[in-house]
Amino acid sequence: MGNATILLTGFEPFAGDELNPSAAIVRHLEGSRIAGHQVHGQVLPCEFGTSLQALWQALDRLQPSLVLCLGQAGGRAEISVERVAINVDDARIADNAGKQPVDEPVVAQGPAAYFSSLPIKAVVAGLRRADIPASVSHTAGTFVCNHVFYGLMHACASRPGVQAGFVHVPWLPEQVVHRPGQASMSLVLQVQAIRQALALCIKYRGRPDLHQTQGSLD
């Protein structure tokens, strides 16, 4: 099942941005304790392949009981708790290493998809009770975020009892200065949201029924 350790990951900036809120959240929460669990943070390269290598090395080193990977979803206005990762890399733009795979599997011969093992609806409901905009998302895209999400769940398929999943976060206000009309969320609120999401995952561990309760939270 792992120990009382949380692995929290984010990504370095990409696509010409100088910031990535997922990395900023990781740096804020690194070393903190949440519900008796120690948070270990890692910022992953925004690259196909090497991002997964770094993630898998961290899994082996830390043996966490809870893994939450974060990524930036520019244009979204809410904390997006992802439901499903799919076994395809199909990049609209190149990653930070210049790679741009098209219709390639994340894991050769792997299953078509994996579902998050987090209590996704309980997390969304809890965030909404705290007046934090949040929803269940049914697509993590086909870029490096989905690549890492799928690779995470593939690795955890052989790690019984480890909770794992992915959350997309919006742009920061300073990232939308030159993107008029685009949604954003303050870093303070994003950090609060992820701290609370982690606490809710721990609180509702072993309650898979909570994936199906609360009705539609889309």
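For the structure, see preceding data.
Note that the structure is a prediction, hence the values are computed from the model and not measured.

**Student:** Can you help me understand helix α2 (residues 50-62) in this one?
**Tutor:** Structurally, the α-helix is built with 3.6 residues per turn, so residues lying three or four positions apart point the same way. If you check α2, its first and last C-alpha atoms are 18 Å apart, about what 13 residues at 1.5 Å a residue would give, namely 18 Å. Inspection of α2 places S51, L52, A54, L55, A58, L59 and L62 among the buried residues, and these make up the whole buried set. Seen end-on, α2 carries its buried residues on one side only, within an arc spanning 160°. Turned more than 90 degrees off the buried face of α2, the exposed positions are Q57, D60 and R61. Structurally, α2 contributes buried residues whose contacts are with β1 (3-11), β3 (37-44), β4 (64-72) and α4 (144-156).

**Student:** Is there a simple way to explain the packing of aromatic side chains in this structure?
**Tutor:** For any pair of aromatic rings, geometry is given as the distance between the ring centres together with the angle between the planes. In this structure the tally under the stated criterion is four aromatic pairs. Judged by centre distance (5.8 Å) and plane angle (45°), the rings of F14 and F143 are tilted. Here the residue F14 occupies a position in the loop between β1 and α1 (21-29), and F143 occupies one in the loop between β8 (134-137) and α4, the gap between them amounting to 129 residues. Of the two residues, F14 and F143, neither departs from the other in class, the shared state being buried. Counting every residue linked through ring pairs, the aromatic cluster contains F14, F48 and F143.

**Student:** Would you mind showing me how to read the pattern of salt bridges here?
**Tutor:** When the charged atoms of two side chains with opposite charge come close together, those side chains can pair. One pass over the full model with this rule turns up three salt bridges. Ionic pairing is found between R159 and D60, a salt bridge with its closest N-O pair at 2.5 Å. With R159 in the loop between α4 and β9 (163-169) and D60 in helix α2, the pair connects residues that are 99 residues apart, well separated along the chain. The shortest N-O distance in the salt bridge between E82 and R76 comes to 2.9 Å. By relative accessible area, which is 25% here, R76 ends up partly exposed.

The rules behind the values
- Residues numbered from 1 in each chain as written.
- Predicted model: local features only at pLDDT ≥ 70, side-chain atom pairs only at ≥ 80, totals over all residues.
- Heavy atoms only, no water.
- Helix = DSSP H or I, 4+ residues; strand = E, 2+ residues; numbered from the N terminus.
- Expected span 1.5 Å × (residues − 1).
- Buried < 20%, exposed > 50% of the residue type's maximum accessible area, 1.4 Å probe, protein only.
- Arc of directions from axis to C-beta.
- Contact = heavy atoms within 4.5 Å.
- Phe/Tyr/Trp six-rings, centres within 6.5 Å; stacked < 30°, edge-to-face > 60°.
- Salt bridge = Lys/Arg side-chain N within 4 Å of Asp/Glu carboxyl O.

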